[in-house]
Amino acid sequence: MRNHLKHYINGEWIESTGSETHEVINPATEEVIGKISLGTKEDLDKAVAAARAAFPSFSQTSREERVEMLEKIAEEYANRKEEIIDVITEELGSPRKISENVHYNMGYNHFSEAAKVLKDFTFSEDRGDHTVVKEPVGVSGLITPWNFPTNQTSTKIASAFAAGSPVVLKPAELTPFAAIILTEIFDKVGVPKGVFNLVNGTGETIGDGISSHPDIDFVSFTGSAAVGEKVMKNASETIKNVALELGGKSPLVVLEDADVEKAAKAAVSHIATNTGQVCSAATRTLIPASMKEEFEEALKNVLPKFPVGDPQGKNYVGPLVSEKQWNTVQSYIQKGIDEGATLLAGGTGKPEGLDKGYYAKPTIFTDVKNDMVIAQEEIFGPVMCVLTYETIDEAIEIANDTVYGLAGYVFGNDGDTLRKVATSIRAGRIKVNNAELDPAAPFGGYKQSGIGREWGDYGIEEYLEKKAILGYPA
Ligand code: NAD
């Protein structure tokens, strides 16, 4: 049992002032794997006070000291590799290979990239008659979701540490144990007292407390648009700056000259990876009408290459994170059927032979119209909508006909058309032909997908205030 009933405040593990606990469930077995404490506002106040007290000295640390700290964190993170993979596989139900290649690696990349970027980061800019200096924003409150337990936490923490901002983190209740390992890492490498504080708890108490806390200067939130809106409203009462990383309904545009097999494989990988619980996943696949039959055939052929089952085995697709998420996904699949989309693969219910665990059938709908609910709302599960287009302009119009703008994908060969689509999709990150993940490239959304950018130098910028000094002595 992974029972972690303490919060980490001011460099120590301390008892919660409340007595409520939350049971964490392994979604593959439906069994309880441990417990956390649900913190109180009093716990949060203590954490914020510790971070405030740490601010004067941490904000004055040298670039070199912070680079060294981030490098030590990356090193110790690598030492804990097997445990990190184990914990993510257990709490999220992520297949071991994905826990390693995606989750473990992303966390590692954020710490090592922050150390690298910090070495050459420009904190002071001479602009002739004035100088602009960038200073740590103050105390940062971090609220993270369950779907990427190391990625979301690490990108925020690495950027805040690089900038010199102490933090208070509230991870998601569903997947809190990866953050416990991160905390142990910070403790081991000697992150100064009060610079990192962890308070577990519910969104209603600790999340709400962070976004409205008068002694928190900046809130970085990743999660759903509905909660993001609440965070922004709360933060407005104390004129706090916010960064919001929210949902998406990203398009993948397949061009006429694309390799159909490769494009179909890429499309399916989006709904298969992390069981489709990825904010930037391409969930609307846009294909030329003339390619319909050939593409649908390719999708059917590719689907079995992403087997569903026990995440401890060699499967590619694990369960959804919770029963609640399973029910949500089921209701969207039913909605798609009711709306008149054609079920090419999958459907409601559990895959054959997988009665225990929150497994869903990877589902592909064709003949989808962009105004259907399944094409407009974020499902956050293994469900793809295939839509057809006649012209590139129509494809771009459909791609942009969404309240979201987190990511976009384009597959094909003609350089001019690839460029046209890439520059016309209104989203914060576009990938052309399955380009490699780059931890230096900024990540964030247009429209209702959010405010701000994380990762690399753009991520560090979020934790800095800009001060203009006029008449700066030479
Ligand atoms: P969620 O919004 O339900 O919860 C996110 C976090 O907010 C959790 O820690 C939760 O406890 C907390 N929270 C809940 N109520 C709160 C409140 N009133 N005030 C403050 N905090 C509160 O989201 P989720 O279900 O955990 O995650 C899935 C969502 O996250 C999806 O919409 C997904 O697209 C989004 N997401 C976005 C990105 C991105 O980078 N854009 C990355 C991952 C996930």
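Refer to the structure above for everything that follows.
All figures in this text were calculated on a predicted structure; none of them were measured in a lab.

Procedures and definitions
- Residues numbered from 1 in each chain as written.
- Predicted model: local features only at pLDDT ≥ 70, side-chain atom pairs only at ≥ 80, totals over all residues.
- Heavy atoms only, no water.
- Near = heavy atom within 4 Å.
- Polar contact = N/O pair within 3.5 Å; in protein donor to acceptor, adjacent residues only side chain to side chain.
- Areas by Shrake-Rupley, 256 points an atom, 1.4 Å probe, with all protein chains shown as cover.
- Helix = DSSP H or I, 4+ residues; strand = E, 2+ residues; numbered from the N terminus.
- Nonpolar A, V, L, I, M, F, W, Y, C, P; charged D, E, K, R; others polar.
- Domains from an automatic or database assignment.
- Axes fitted to C-alpha atoms, helices over the stretch in contact; angles between N-to-C directions.
- Parallel < 35°, antiparallel > 145°, perpendicular 65-115°, else oblique.
- Contact = heavy atoms within 4.5 Å.
- Expected span 1.5 Å × (residues − 1).
- Buried < 20%, exposed > 50% of the residue type's maximum accessible area, 1.4 Å probe, protein only.
- Pairing = 2+ DSSP bridges.
- Phe/Tyr/Trp six-rings, centres within 6.5 Å; stacked < 30°, edge-to-face > 60°.
- Lys NZ or Arg CZ within 6 Å of the ring centre and 35° of its normal.

Visitor: Can you walk me through the site of the ligand in this structure?
Guide: Contacts to the ligand come from 28 residues, most closely from Thr144, Glu173, Ser224, Leu246 and Glu378. Taking glutamate 173, its side chain carries an N or O atom lying 2.8 Å from an oxygen atom of the ligand. Here serine 224 contributes a side-chain N or O atom positioned 2.6 Å from an oxygen atom of the ligand. In the complex, the protein chains occlude 90% of the 850 Å² of accessible area that the ligand would expose alone. Those elements giving two or more residues to the shell around the ligand turn out to be helix 7 (203-212), strand 11 (218-222) and helix 8 (225-236). Each residue belonging to the shell around the ligand can be placed in one class, and the counts come to 13 nonpolar, 9 polar and 6 charged. When residues are assigned to domains, the shell around the ligand turns out to be shared by domain 1 (2-246 + 449-470) and domain 2 (250-438), each giving three or more.

Visitor: Would you explain the packing of helix 7 against helix 8 in this entry?
Guide: For any two helices packed against each other, the geometry comes down to the angle between their axes and how far apart the axes lie. Orientation of helix 7 relative to helix 8, taken along the N-to-C sense of each, is 40°, at an axis distance of 7 Å. In terms of their interaxial angle, helix 7 and helix 8 are classed as oblique. Each of Asp208, Ser211 and Ser212 in helix 7 lies in contact with helix 8, whose residues at this interface are Val231, Asn234 and Ala235. Split by residue class, the contact of helix 7 with helix 8 holds 2 nonpolar, 3 polar and 1 charged.

Visitor: Whenever I open this one, helix 5 (residues 151-163) confuses me. Can you help?
Guide: Since the α-helix packs 3.6 residues into each turn, any two residues three or four apart lie on the same face. The end-to-end C-alpha separation of helix 5 is 18 Å, in line with the 18 Å expected for 13 residues at 1.5 Å each. For helix 5, a buried count of 13 out of 13 residues is recorded, marking the element as mostly surrounded by other parts of the structure. Looking one or two places after helix 5, you find glycine 164, whose phi comes out positive at around 95°.

Visitor: Would you take a moment to explain the side chain of threonine 150 for this structure?
Guide: Examined against the element boundaries, threonine 150 turns out to sit in the loop between strand 8 (140-143) and helix 5. Non-local contacts of threonine 150, meaning those with residues more than four positions away in its chain, are made with Tyr77, Ile84, Ile88, His103, Tyr104, Gly107 and Ala178.

Visitor: Looking at this structure, how should I read unusual backbone geometry?
Guide: Among all residues except glycine, the phi angle is most often negative; among peptide bonds, the trans geometry is most common. Phi is positive for asparagine 274, close to 55°, though the residue is something other than glycine. Structurally, asparagine 274 can be placed in the loop between helix 9 (260-272) and strand 14 (282-288). The backbone of threonine 275 shows a phi angle near 55°, a positive value even though the residue is not glycine. By the element assignment, threonine 275 lies in the loop between helix 9 and strand 14. Residue classification places threonine 275 among the buried residues on the basis of a relative accessible area of 3%.

Visitor: Got a minute to help me understand the sheet that holds strand 5 (residues 31-37) in this structure?
Guide: As a general point, the strands of a sheet are linked pairwise by backbone hydrogen bonds and lie either parallel or antiparallel. Read from one edge of the open sheet, 3 strands run 1-5-4, paired in mixed fashion. In the strand order of this sheet, the two ends are held by strand 1 (2-4) and strand 4 (21-26), each with one partner. Averaged over neighbouring strand pairs, the angle between their axes works out to 20° when direction is ignored. Bridge count between strand 4 and strand 5: 6 bridges; the pairing is antiparallel. Paired with isoleucine 25 across the strands is valine 32, a residue of strand 5. Lying on the sheet, helix 3 (residues 81-92) is in contact with strand 1, strand 4 and strand 5; it crosses strand 4 at an angle near 95°.

Visitor: When you look at the packing of aromatic side chains in this model, what are you seeing that I'm missing?
Guide: One pair of aromatic rings is described through two measures. These are the centre distance and the angle between the planes. On inspection of all chains with the given rule, the structure shows 15 aromatic pairs. A ring pair is formed by tyrosine 8 and phenylalanine 196, whose centres lie 6.4 Å apart and whose planes are at 40°; its orientation type is tilted. Taken together, the residues span a long stretch of sequence, with tyrosine 8 in strand 2 (residues 6-9) and phenylalanine 196 in strand 10 (residues 196-198) at a distance of 188 residues. A single burial state applies to tyrosine 8 and to phenylalanine 196, both of which are buried. Relative to phenylalanine 186, the ring of phenylalanine 111 has its centre 6.0 Å away and its plane inclined at 70°; by these criteria the two rings are edge-to-face. Taken together, the positions of phenylalanine 111 in helix 4 (residues 96-119) and phenylalanine 186 in helix 6 (residues 177-189) put the pair 75 residues apart, joining distant regions of the chain. Classification of phenylalanine 186 by relative accessible area gives buried; the value is 0%. Aromatic ring contacts, followed pair by pair, group Tyr8, Trp13, Phe58, Tyr77, Tyr104, Tyr108, Phe111, Phe161, Phe186 and Phe196 into a single cluster. Directly above the aromatic system of tryptophan 326 lies the positively charged group of lysine 350, at a separation of 5.6 Å from the ring centroid. The ring of tryptophan 455 has arginine 429 lying over it, and the distance from NZ or CZ to the ring centre is 4.6 Å.

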